[in-house]
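Residue-level listing of the chains:
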Amino acid sequence: MRRLGTGVLVLFGVSVITFVLAHSVSSNPLVAWFGRGIEENPGLAQHYFQIYHLNDPLYIQYFYYIDGLLHLNLGWAPSAEEPLTTIVSQTLPWTLELIFLSLIFTAIIGITSGILSARFAGRLPDKILRGLYLTGMASPAFFIAIVLIVVFSGIFHIFPTSGAYNVSTYVSPPTITHIPMLDALITGRWSTLGMLLWYAILPALSISLGVYGILTRVLRSNMIDLLSSNFIRAARARAVSENRIFLWHAFKNSLVSVITLLAIIVNISLVADLFAEEIFAYPGMGKFAVDSALALDYPSILATTLIFATIIVLVNLGADIMYAFVDPRIRYG
Amino acid sequence: MLPINSKYSLRAISRVVIVGIVIIIIIVAGVGVYFATLKTTSTTTTPTTTSSSATSTTSSSTTATTTSSTTPSSGTLSIDDYVWPTGNLNELNAPGFLPYPDWLEGTVYQTLVSVNLTAEQDLGQFTGVFQPGLASSWNASSNAETYTFTLRTGITFSDGNDFNAYTVWAVFFTWYYLTNDSATFWSALPIFNTTGVTFNESQFGADVNSSGLNSPSSALIAIMSNTSLPAYVTSPTTINFQLDTPFPFFINSFTGFQGMMFDPTYMFQHGGPGTDGNLNPAFNLTPLPGTGPYMVTGATFQSSVQFTQYSSYWGDSLTAAQIAANPILNPGSYKNVIIYDVTSATTNLLNLQNGNVQLATVTGSNFQLVNSESSTYGLAVIKHPATLDWMFMNNQIFPTNITDVRLAIVNAINYTQVIQAGAFGYGTRMLGPEAPYYGPYYDPGNYTPYQTNYTAAAQYLTDAGFPGGHGIPALTMYIDVLGEFYESPIAQVIAANLAQIGITVNIQIVTDAVYYQYYGTYATNLANAAKIPPLALGNVAGFAPDYLAPTDFWGAFVTTYSSWGNFAIFNSTEVTNLVASISHDGTNTTAITDALTTAEGIIYAQAPDAWLFAAELPAIQGTYAYKIGTINSNFFMEPNLEGVSDIPLFNTVSPG
């Protein structure tokens, strides 16, 4: 409960900071949103002044905003002329499936790389792998995305450059969860699922390549430590095979530490998602967030920031619970 | 017993691990090959077939329109644009001068009268002569207060409803309703007497839902035939507009945002227009039907819009000669058109290079790259630029309140360098406040734009009492950070130029908030004059017209009744009166031109602003590019009707 309370406090802090920062971007947000047209339409300007209480002090505007949030009203997106709840319902599923796919890639690449690094610790393969993941971690997300596009789309023509599906041939799966990939999976629309996966591979990979190194480093370090620990010695003394020792004892026990990384990996992935969606023109909430920022559309900036913050808080909470579950020694107050 | 050390034990399991890795690689490679095969069969967006009779040459703009009405259309035209329209695809945003960019303009929505695109291309300017659009003819009363439009028959919206005078009436009053019965509801022009005029939207909508507008009920006809209203219908094909004041440019205003005709019956059947500032979002991604050659068949927010040809498009019966005379009515050569919202410049360029799209926006360094490969790529360049860029000089504060100082500045700027730095050379010198596009209303006094002349500039400074610039403080120049990409190079050129005559410029790149914080109407600007810097570089994306009339730019930029744009805070009673008079001179074009000539003389002599250039590229540092041979090179850009949204009219694009 204390963790939950902390999470709520974090969200409150995020909302305050974002609200103040967003409002400092533009003294006359209506001009920023609508340009010259709004000046020539006093009726429209008056309407927006009323619904956003723009004539009131900032703290009063914030009060109205929080009141709206408590009623599950995220507000109105001026740049899109839509209620933000509608936009979030349209864009969040794409982001969720992209993040999920990137986590799978991160796990596959990170764990494989970690095992190999541990296996060849200090030798050439380890050094190559270390160079690769350090390059990934040191590269900005947008750089990785552009390199992937240039290589796999521009040179080899293997993957599409942009979008979430082929507009000409895409058939939406029946809506069940509102997450297209999941809906396609549930309803057995394999060609649709294949297309969605195909278009999501590069953006997901661009997210994973920047973050998998964290997993690799921790896994490598833990496995090397564990392989020289007493219970491994005892296993060897019992003539347990080295394969079993490596994959069953060392790897399995190292996975506990991986769970602690989940929250960090998701956090970084969400940041990288903004760049990936924008560069790959993936119609998720990350792209909407960037486009909103470029349009100085601060109701949308606020909403997307809060939703991303909520996801991060929930993932952190989930990671804490999972960690306590797999390691009974951990207890939270 | 084996010695226990980690290095040895790690080595011992190598075979299993390596075998596992190899298996994973094989699986991944297999999946990759599968999807690669899948991709080649399902994701091709380049048209595989082309229209057999569509012809295109590069010699004349008119030959692009020889696609005849009997040409079977096929294939898909794919376009990458770099911005999703503000206001989505909802045409009800028109009173707020949105959506921008309006991909549906001309292709889905049409106007009563059309701009002569062919003449524009040939002459590089607006001719002032309109072509029949949805209206077959029109006339104005001698006092320019009553306008009558006779509409074509046999036109239907893409949902099958008839287009007629009743629909025009309903669209007209929808704008009135959506601006809260504002007297300036029509393109912000104070030309209608709306005293006592109310539009009962809910009752009207209910009646339309009951009887429709194909054959409206007698109650509806009675409302729409009321001659005391600003607009009234006299027959299913005739509608009259009664102005409160003579306005010779009323026809022009129909080519603007609010001239786009949509199906009001569909609107009322799907929840109505909404309210001012809270439009019905149902039309955001499912746009209102129009009469144009294309209809929207799918849209994903901030991702893509799909268009398909309307099978019963009225323009299908037009002859090739008629389409050549009015290309905006072209039925189109592609059965399907897809516009993608791709923000990333790299992705846009790759899509163009790979042939994933036939048209893509290229900006900045990518533009320069494409521009340098002229044998491979073609560029959409606006031959009739109307988007202006200039530097405001605060006419109310020292030292830019001194005319000689302003004249020194405008004579010291190297405009060639400015155009090269800001727009890669794609700019047209101009003398504001009018754009070169406006034909007879541009530069009526036939003045030559200011030329770089350091000697003259230095003399002006001496005359002002500041020889060698001594006594002039460093001048702060604001740049909005959103326009920094092209304005910063311009600012540096100007700073270097002014340094030649002893004026120091302090360039400040400020946030949008800071830039606009004191701007508004002329009165607002005047009240804030002391807080506004002496120099400021233009608008983020330049200024572009809202509708085709000289009242637009002249009124906005140099009068004291300006509601937006007179950032120089220029105050000349004579100019204001002259500009105001041109709205009320009936059809006496000579009187209008004379008034503007006098006004221009005053402005030229006082130099309230430093007019820089009219942009020839839609994105100032970028435009739409295509691979030569993939499409015709002489497609038309959207006419300068709606702000800066100079986008290709995709119904004039045909396979190369």
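The rules we used
- Residues numbered from 1 in each chain as written.
- Chains lettered and ligands numbered in written order.
- Predicted model: local features only at pLDDT ≥ 70, side-chain atom pairs only at ≥ 80, totals over all residues.
- Heavy atoms only, no water.
- Pairing = 2+ DSSP bridges.
- Helix = DSSP H or I, 4+ residues; strand = E, 2+ residues; numbered from the N terminus.
- Contact = heavy atoms within 4.5 Å.
- Axes fitted to C-alpha atoms, helices over the stretch in contact; angles between N-to-C directions.
- Core = buried A, V, L, I, M, F, W, Y, C linked by side-chain atoms within 4.5 Å.
- Buried < 20%, exposed > 50% of the residue type's maximum accessible area, 1.4 Å probe, protein only.
- Salt bridge = Lys/Arg side-chain N within 4 Å of Asp/Glu carboxyl O.
- Parallel < 35°, antiparallel > 145°, perpendicular 65-115°, else oblique.
- Left-handed = near helix turned anticlockwise from the far one by under 90°.
- Nonpolar A, V, L, I, M, F, W, Y, C, P; charged D, E, K, R; others polar.

**Quick word on the sheet that holds strand 20 (residues 609-615) of chain B**
Residue and element names in this part refer to chain B.
- Pairing is mixed across the open sheet formed by six strands, whose spatial order is 16-20-15-19-17-18. At either end of the open sheet lies a strand with only one pairing partner, and these are strand 16 (427-428) and strand 18 (505-510).
- Inspection of the sheet shows strand 15 (residues 387-393) paired to strand 20 by six bridges, in the antiparallel sense. Note that in strand 20 the partner of Met391 across the bridge is Ala610.
- Taken strand by strand, helix 15 (residues 484-499) contacts strand 15, strand 17 (475-480), strand 18, strand 19 (535-537) and strand 20, and its axis lies near 165 degrees from that of strand 17.

**Remarks on the nonpolar core**
- Among the nonpolar cores identified, the biggest contains 252 residues, and Phe149 and Phe250 of chain B are the most heavily contacted of them.
- Top contributing element to this core by residue count: helix 4 (residues 165-178) of chain B, with twelve residues.
- With near-sequence residues (within four places) excluded, Phe250 of chain B lies in contact with Tyr147, Phe149, Trp186, Ile191, Phe192, Phe241 and Leu243 of chain B.
- With 19 residues, the next largest nonpolar core counts Val211, Ile214, Val258 and Leu261 of chain A among its residues.

**Notes on the sheet that holds strand 1 (residues 76-81) of chain B**
Residues and elements named next belong to chain B.
- Taking strand neighbours across the sheet as the criterion, the seven strands line up as 10-11-12-1-13-21-14 in an open arrangement whose pairing is mixed. At either end of the open sheet lies a strand with only one pairing partner, and these are strand 10 (294-300) and strand 14 (377-379). Going across the sheet, the axis of each strand differs from the next one's by a mean of 25 degrees, ignoring polarity.
- In terms of strand pairing, strand 1 meets strand 12 (residues 336-341) through six bridges, oriented parallel. Looking across to strand 12, one finds that Asp80 is bridged to Tyr340.
- Packed onto the sheet, helix 11 (residues 364-372) meets strand 13 (359-363), strand 14 and strand 21 (622-627) and runs at close to 115 degrees relative to strand 13.

**Concerning helix 18 (residues 550-558) of chain B**
- Judged by how many residues are buried, helix 18 of chain B sits mostly within the fold: nine of nine residues are covered.
- Among the residues of helix 18 of chain B, those classed as buried are Pro550, Thr551, Asp552, Phe553, Trp554, Gly555, Ala556, Phe557 and Val558 of chain B.

**Observations regarding the pattern of salt bridges**
Residues and elements named next belong to chain A.
- In total, this model carries four salt bridges over all chains according to the counting rule given.
- Taking the shortest distance from any N to any O, the salt bridge between Arg130 and Asp126 comes out at 3.3 Å. Here Asp126 and Arg130 lie together in helix 7 (residues 124-138), a separation of four residues that amounts to about one turn.
- Taking relative accessible area as the criterion, Arg130 reaches 32% and is therefore assigned partly exposed.
- For Asp291, the salt bridge goes to Lys287, with nearest N and O atoms at 3.1 Å. Here the residue Asp291 and the residue Lys287 both occupy positions in helix 13 (residues 285-294), the gap between them amounting to four residues, near one helical turn.
- Judged by its relative accessible area of 13%, Asp291 is buried.
- Residue Lys287 is classed as buried on the basis of its relative accessible area of 0%.

**Brief notes about the packing of helix 6 (residues 84-119) of chain A against helix 14 (residues 298-326) of chain A**
All names here are of chain A.
- With their axes 12 Å apart at the nearest point, helix 6 and helix 14 run at an angle of 45 degrees to one another. If you check the angle between helix 6 and helix 14, you find them oblique. Crossing of helix 6 against helix 14: the hand is right-handed. Between helix 6 and helix 14, the contacting residues are Leu84, Val88, Leu92, Thr95 and Leu96 on the first element and Pro299, Ser300, Ala303, Ile307, Phe308 and Ile311 on the second.
- A per-class count over the contact of helix 6 with helix 14 returns nine nonpolar, two polar and no charged.

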